[in-house]
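# Commentary on secondary and tertiary structure
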Amino acid sequence: MAVNAIDKKSLFYYIGRQPCDSHCNIKYWLSDWVDIDKFSQATCMSPPELESSFIDRVVPVNVTQAVSVKHCSDCLLKGYHSVFFYLKFITHCPWHKKK
C-alpha cells in the first residue's frame, strides 16, 4: 500500500477513525487516528503486525513532546522507514550507521 501516494482525505476515508480535511493536524507516527481493522482489511495484514508499525504501540511515548522526524537516506532509497527512528536514543541508522 503506497500511503504517501494518496491525499490526506482519501487516506482517512480508507483507514482513518474519522474524516480529516487538509487542515487537520495529525501525528502519523501515533496510532490514535487509524482504524486498525480497516487498515488490516485494506492491506491484508494482521492487526498485530500493523499495530507494531506505530511507535506508541511499541514503547511508551510522551505525545505532548515535540518529535523530530529522522531518517536514513539509504533506507529511504529502498522504500524503508522505521518507527524506531522516532526514538531519541537512536542517533544513527542501525543498519547503515548513517546519522
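Cut-offs applied
In this convention, every chain numbers its residues from 1, walking through the sequence in written order. Given that the model is predicted, a residue must reach a pLDDT of at least 70 before its local features are reported, and side-chain atom pairs must reach 80 or more before they are shown or counted; all residues, however, enter totals for whole chains, interfaces and linings. Values shown for side chains rest on all heavy atoms present in the structure; no hydrogens or waters enter the calculation. Put simply, DSSP H or I for four residues or longer makes a helix, DSSP E for two residues or longer makes a strand, and each gets a number counted from the N terminus. We call two residues in contact whenever any of their non-hydrogen atoms come within 4.5 Å of each other. Put simply, a salt bridge is a Lys or Arg side-chain nitrogen that is within 4 Å of an Asp or Glu carboxyl oxygen. Categorising residues by exposure relies on relative accessible area from a 1.4 Å probe, with only protein chains included: less than 20% of the type maximum marks a residue as buried, more than 50% marks it as exposed, and the intermediate range marks it as partly exposed. It is the directions from the helix axis to the C-beta atoms that the arc portrays. Polar contacts, as counted here, are pairs of nitrogen or oxygen atoms within 3.5 Å of one another; within protein the pair requires one atom able to donate a hydrogen and one able to accept it, and residues that are adjacent in sequence qualify only if both atoms are side-chain atoms. Nine residue types can take part in a nonpolar core, namely buried Ala, Val, Leu, Ile, Met, Phe, Trp, Tyr and Cys, and a core is a set of them joined through side-chain atoms within 4.5 Å.

Moving on: the overall build of the protein. When its secondary structure is counted, the protein shows four helices and zero strands. Tracing the protein from N to C terminus, the helices and strands come up as α-α-α-α. Partitioning the intrachain contacts of the protein with sequence separation of at least 6 by distance along the chain shows that 31% fall at a separation of at least 24.

Taken as a whole and judged by the stated rule, the model has two salt bridges. Taking the shortest distance from any N to any O, the salt bridge between Glu51 and Arg57 comes out at 2.9 Å. Owing to a relative accessible area of 27%, Glu51 belongs among the partly exposed residues under this scheme. In this structure, Lys98 and Asp74 form a salt bridge, with 2.9 Å as the shortest nitrogen-oxygen distance. Taken together, the residues Lys98 in the segment after helix H4 (73-77) and Asp74 in helix H4 connect sequence positions 24 residues apart. Take Asp74: its relative accessible area is 22%, and that puts it in the partly exposed class.

Here we take up helix H2 (residues 36-43). By the burial criterion, the buried members of H2 are Ile36, Phe39, Ser40 and Thr43. Along H2, the residues classed as buried sweep out an arc of 100° about the axis, all on the same side. Residues of H2 that are exposed and point over 90 degrees away from its buried face: Asp37 and Gln41. For H2, the secondary structure elements touched by its buried residues are helix H1 (8-15) and helix H3 (47-51). The N-terminus of H2 is capped by Asp35, whose side-chain oxygen sits 3.0 Å from the backbone nitrogen of Asp37. Following H2 by one or two positions, Cys44 has its phi on the positive side, about 60°.

Turning our eyes to something else, we now look at the nonpolar core. Core analysis: the biggest nonpolar cluster contains 11 residues, these being Trp29, Leu30, Ile55, Cys72, Cys75, Val83, Phe85, Tyr86, Leu87, Ile90 and Cys93. Setting aside its immediate chain neighbours within four residues, Leu87 contacts Ile55, Val59 and Lys70. Of all hydrophobic cores here, the second largest spans 10 residues; its members include Phe12, Ile15, Ile36 and Phe54.

Worth remembering: the numbers are spatial, not functional.
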